[in-house]
Each structure stands twice: as structure tokens, then as C-alpha cells.
Amino acid sequence: MGDRARLDRRSLLAAAGGLAVAGIGVPVGLAATGDPPPPARGRRPISMAMHLHASFSEGVASYAAHLDQARRNAVDVVWWTDHDFRVAAHDHRRVVNFDGPEEPEGGLAWTWKASTEGTLTASAADFVAAPADEPGRALRLTAAGAGTLWYAGKAWNFTHTGNISDTTLHLDVLPEVAGPDAALIVEIALSHHPAGAGRPAGQLVLRYRLGAATATRHRADGRHGTVDLPAPTGARRRHTLDLLADVRRLWPDLVAGDNSLRGLRLGVQVGSGARGVFVVDRLVFNRARRAGQGGEELRAEVLRGYDGAYPGVTHHRAFEVSMVRHLNWFGGDQTLPPFPSPPYRDNDVGATERMVEFLHGHGGVVCWNHPLDVERRESLAHLLVERHALGADLIEIGRSPVDDHLWAYDVAARNAIPVTAVGVTDDHAGTDWRAGPDRHVTYVWAASTGRDDLVAALRAGQAWFTDLARYRGALDLEIGGRSAMGAVVTTEAADLTVRLRATDLPAGATLEVVTGAVDRAGVADPTPAISIGHISWRQLREGWHDLSVAVGAGSYVRTQVRGRDGVLVGAGNPVWLLRQAAPHGIPPARRF
């Protein structure tokens, strides 16, 4: 309740007024003083986790795990940015024929890796020509003693993984030596879920045990579920494993479709000195509902299972567009883009720009994700200036190393390129948001947690990001009593007073005021041109500070918060003060 209480207090600091026509200048002395005006249209600070992957991506997280983390960390909104090609299961593995330890399909690798557990007196894994039920080979697994011989499979770039909602597996099995103490195990590692119904928090594991059972039986023991299947010795049989139906049977309290086929391995399990020999062949992944927009429709269906389940947490579907430099896409009609085959990422700058144009054509706003993954800060600065941030509306600045990202961002600001800086979690696990290296939530000033209101706030730059564990205060910039963060102001005034709003600074923290020149130096001088002032937490007891800013030929102001230890724990978007609009104009959402 502590974080929620602070959020409620901060909501009282929302600035009045909205975005109006460009061209207003407010001279020094006319800025608002005293108490803040009442909130306009109910604008309040809304916290968002903007980059999350769950059971339609390659990680271990479920949607439930992230929703639980959002509730624990008082985060208002989560955006589901699963990888687009993984939602569609595009070029994901279809068949494994057991022709050898490596087996490509469509040019993409499949590999097997052997391991043992327990005390085995003998074990072997052999790819054999007979007995096979089709041209090629089969895999004979042999184990004796007390333990398990495992054979784990993995496809290139985790393209065997994916949500189980429409997935059944088919496997041919011939038990050559079996019995009560010798069985074939097909193990599916599923997703991480919060605790519930006598089950501790953790990753679910589904095991099919093929052997001496005379009838199908389901048994759940906490996070582990077992399905016993009859498999008579000497009889070849094709087994169909209905993952969704079996998860429903084993854990009826869960949204069963909120699970990924995260890992797969086969094993011969023996006990009491027994010996087991099994031949397996032709493993088929049957995904029935992924063609066209089918994957996205399936994801929406799974998410509807959480309607009303987590009061106080709003969640919206989005995408991480992944076949170019990664882009998060918020809002719009969510039409999946075309995918290349094989699904190799293309880092070409032009390809990313064309994808941004495609996404803009389908509505919403586009974020350039982890921009330093293939760049250094200097080359990133060049792209921000030369290619206008590739046309993106937002950019992930609140991620490690934050200071390097901000350095490049200040180069863009110097050149009057208004792209909204946001924070990022990029969490694939859902186990503990606070433990990750990137734990920056993004706040916006918005009237509601509705998708359109949030997208509008992001488009306007009415956003700031904070370290989830270290700072949860509100930041804003005001001119003349109106919120101006993210706005572009054109003015003839020599000076303007900017009211800096900052609440709940931690003890010993400092509000840094970054003032930069907007001289449009371009790539001739691709460096920041800034000065930094400091306001201690004690000076902000009322939550605001007035700053006189010389407009000069053009300037901008933004604020950031550093903890007692000098680590940056929050940063806001700038306001630009210009003599005239930049040559590329002022985006309508940013006109003051």
C-alpha cells in the first residue's frame, strides 16, 4: 500500500491545461506560483512496464507471473510485447525425424544433448536404421540401474518453443524392454507461475510416462504433473500428447493456455536395477491456429482468461517487431507484418525505417528498442541525427548503461529531434522484476489507463522513467501553469520560467537540471551541448522549483534524479524552447 499511497499523493500534482496551438511564449514573472492548479481531465501519473515477454515468446514467464509482479510492485499497466514472429510461430520447428544428433529443417538447426541423473550401470543413445517406420533413422535409448538417461532437444533460436494453446505433439514409440521399473519419459518444461492451489511459485513441468500403465492417469504434485500412458512392450504406437488438455486436467486453477513449451527432453527412467530400451521416431509439432493473424487471435483468447483477475492492473496487447532492429509497437490495429524465411533479423537501417513506416500505416506509436545492441553511443547519435531516430516515436533510454543512452539522446535533443525517452524492463522470466539489470518503469501523465490515452501521452512526450526499486516519484515541467514536458514551444521571449516538478525524492538524492543548447549542429558536432545544475532533495520539499531559462537561439530543459550513491534513478523528457520550428516541423501532439 505504500507505493499506492505515494502514487495517490502524486496525482494531486498533475498540471492543468492541455496541448494548444504553437507560438505562445511566457516571459519570466508570469509563471504560475503557489499551489498547483487542479488536475485537467483527471490527468495523473500512470506507471507502465512497457517491454515484457510471456508465454508467446521464448522465455519462461507466464502472463500470470508478470501480472503478479505488477501487483507486487504497484505498476498500473503492463504492455505485452511478445515477439511478433513467435506469436505466429513463423518457421518454428515442425518435425524431428531422429536422423542424427543434428538435424536441420529449412536450414535451421535442431540439436540433441545427452545427460544422465541418478546411478546408471549402463546407458546408450544410438541412431539406428532399424527398426524405423519410415526412410531414415530412429533413436534407440537404453538405460539400466537407478536413474535416467536424458536426451534434450533444442531448435535454432528457440524455435521449438512457443505457446501450447494450439499445440499437440505426436511421437512414435516402440518399447523393446520395459516394465514397472522402466519407462520412457517425455518431459515438457512449461512456464513460471505464481503460487496457488497448494502449488509453490515456480516453473511447471509436465511429464508423460510411457510404459506399464494399463490406463491413462493424471497426477499432480505441486509444480510437477505426470500423465501415465499405456505403451505395451513390442508394439509400435503413435502417441498424441494434448498439452493444453493435460495441463487443464492437472492444474484446473490455471489459465492453461498461459504456458509455453519452454523445454523438451526424452529419457529412459529405470529403478531397482531394471533395464529399459525404447525406440522413438518422428516427433511432430502440430500448431493448429497460427496462420495469418491466427496467432494474435489465439493470444487475445488466452489473455481474456485474466479479465478481472488482477484488479488495479491494466494490460494491453502490443508487439516487439523482431525481424529488423527491434521495435515495440503500441496501439494501432496490430496487423502482423510479413516475415522473412528463414526468420533472420536484418539490422539494415533502411529495413528498419521501412518497417516503422509500415507500423505507422497501421496506427499506434513505435519504439526503437535496445538501440545500443548493434551501435556504440557515438554511432547511435549519428543515426538519431542523420536518420531522425529511424522515424520512431519513442526510444528505450532507461536501460543499462543509462548514462550512455542519455548521452546519445542529448545529441538528438540538441538537434530538435523530439523522440520520447522511455524506460524498459525487457523481462522474460516474471520471477522478480526488481532483480533484473533493466528495471525502469515508464510513467505518463494521462487521464486513464485506456490504451488510447496512454498512446497519446507517449506520442506527446508526457513521460518519464524511474528505477522500479529506488525511485517512484513524479516528474513534470510547467510553463505558465501548464504541463510542458515533451512539448516544443516557439517564443520570442528572451527568458522563460520553467517550473520543475519532482516529488518523493529519496533522502540524499539530487534533482539534476539538464539545460542544453538547440543549435542544430548536426553530424558536424555529434555531441551533447549541455550544462547540469543540482537541486538537493531538501530544496524540493514542496515538490517544485522555478528555473529561469535563457532561450538564446534555442534551448531545451529536462530533469533527472540521482541517488545518494550517484546512480541515476529517474529521468524525464525535455521541453524545447525554440525561436522557430525546426525544418521538419513540430509534431501536432507536441505543440504547446
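Values in this document were obtained by computation on a predicted structure and should not be read as measured data. The numbering scheme is per chain: residues are counted from 1 as the chain's sequence reads. Two thresholds apply to this predicted model, a pLDDT of at least 70 for residue-level local features and 80 or more for giving and counting side-chain atom pairs, whereas whole-chain, interface and lining totals are computed over all residues. For the side-chain quantities, the full set of heavy atoms in the structure was used; hydrogens and water were omitted.

1. Some words on helix 4 (residues 243–250)
Here is step 1: A 1.4 Å probe rolled over the protein chains alone gives each residue an accessible area, and that area as a share of the maximum for its type sets the label: buried under 20%, exposed over 50%, partly exposed in between. Only runs of H or I of at least four residues qualify as helices and only runs of E of at least two qualify as strands under DSSP, and these elements are numbered from the N terminus. L243, L244, D246, V247 and L250 are the residues of helix 4 that are buried. When helix 4 is viewed along its axis, its buried side chains cluster within an angular range of 165° and face the same direction. Opposite the buried face of helix 4, by more than 90 degrees, sit the exposed residues R248 and R249.
Here is step 2: Check the buried side of helix 4 and you find it contacts strand 6 (167–177), strand 7 (182–193), strand 8 (202–211), strand 9 (217–221), strand 10 (224–230) and strand 11 (237–242). Within this analysis, the arc is defined by the directions that extend from the helix axis to the C-beta atoms. The contact definition used throughout considers only heavy atoms, calling two residues in contact when any of these lie within 4.5 Å.

2. Re unusual backbone geometry
Here is step 1: Following S341, the chain continues to P342 via a peptide bond in cis, the omega torsion being -5°.
Here is step 2: For the bond running from S400 to P401, omega is -10°, close enough to zero to count as cis.
Here is step 3: By secondary structure assignment, the location of P401 is in the loop between strand 16 (394–398) and helix 8 (402–414).
Here is step 4: Here S272, not a glycine, exhibits a phi torsion of approximately 55°, which is positive.
Here is step 5: Examined against the element boundaries, S272 turns out to sit in strand 12 (residues 263–287).

3. Focus: the confidence of the model for the protein chain
Here is step 1: Every residue is assigned a pLDDT by the predictor, reflecting its confidence on a scale from 0 to 100. Predicted confidence across the protein chain gives a mean pLDDT of 92, with 93% of residues reaching 70 or more.
Here is step 2: Note that residues 1–40 has pLDDT below 50 and, in this model, 101 contacts with residues that lie over four places away or in other chains.

4. With respect to the packing of aromatic side chains
Here is step 1: Put simply, two rings from Phe, Tyr or Trp (the six-membered ring, in Trp's case) pair if the centres are within 6.5 Å, and we call them stacked under 30 degrees between planes, edge-to-face over 60, tilted for the rest. This structure, assessed with the given rule, holds 12 aromatic pairs.
Here is step 2: With a centroid separation of 5.3 Å and an interplanar angle of 80°, the aromatic rings of W156 and Y344 are classed as edge-to-face. Here W156 is found in the loop between strand 5 (138–155) and strand 6, whereas its partner Y344 is found in the loop between strand 14 (327–330) and helix 6 (349–361), with 188 residues between them in sequence.
Here is step 3: Judged by relative accessible area, which is 28%, W156 ranks as partly exposed.
Here is step 4: What links up through ring pairs into an aromatic cluster is the set F98, W110, W112, F127, Y151 and F285.
Here is step 5: The aromatic ring of W150 is capped on one face by R265, whose charged end is 3.8 Å from the ring centroid.
Here is step 6: In this structure, R499 packs its charged tip against the face of W544, placed 3.6 Å from the ring centre. Criterion for a charge above a ring: Arg CZ or Lys NZ at most 6 Å from the ring centre, at most 35 degrees from the ring normal.

5. Thoughts on the sheet that holds strand 23 (residues 495–502)
Here is step 1: For two strands to count as paired, DSSP must find a minimum of two bridges between them. Read across the open sheet, the 4 strands follow the order 21-20-23-26; overall the sheet is antiparallel. Across the chains shown, the open sheet's two edge strands, defined by having one partner strand only, are strand 21 (482–483) and strand 26 (544–550).
Here is step 2: Summarising the sheet, strand 20 (residues 475–479) and strand 21 pair through 2 bridges and their orientation is antiparallel. Paired with E478 across the bridge in strand 21 is S483.

6. Focus: the nonpolar core
Side chains that are nonpolar tend, in soluble globular proteins, to be buried together.
Here is step 1: Here, the term nonpolar core denotes a set of buried Ala, Val, Leu, Ile, Met, Phe, Trp, Tyr and Cys residues that are joined through side-chain atoms within 4.5 Å. Ranked by internal contacts, the top residues of the largest apolar core, which has 64 residues, are V78, I479 and L511.
Here is step 2: Apart from residues lying up to four places away in sequence, L511 is in contact with L475, L500, A502, L505, G533, H534, I535, L540, T559, Q560 and V561.
Here is step 3: The next biggest cluster of nonpolar side chains, apart from the first, holds 44 residues, and it includes L139, L149, A182 and L190.

7. A word on the pattern of salt bridges
When their charged atoms lie close together, side chains carrying opposite charge are able to pair.
Here is step 1: Salt bridges are defined by distance alone: a side-chain nitrogen of Lys or Arg within 4 Å of a carboxyl oxygen of Asp or Glu. In the structure shown here, the tally under the stated rule is 35 salt bridges.
Here is step 2: A salt bridge links E58 to R86; the shortest N-O distance between them is 3.2 Å. One end of the pair, E58, is in the loop between strand 1 (44–52) and helix 2 (63–72); the other, R86, is in helix 3 (residues 84–87), with 28 residues separating them in the sequence. R86 carries the same exposure label as E58, and that label is buried.
Here is step 3: In this structure, R317 and E296 form a salt bridge, with 2.4 Å as the shortest nitrogen-oxygen distance. Residue R317 is found in strand 13 (residues 314–321), and its partner E296 is found in helix 5 (residues 294–304); the two are separated by 21 residues along the sequence.
Here is step 4: Residue class for R317 comes out partly exposed when judged on its relative accessible area of 29%.
Here is step 5: What you see here is one network of salt bridges that share partners, running through D82, E296, R299 and R317.

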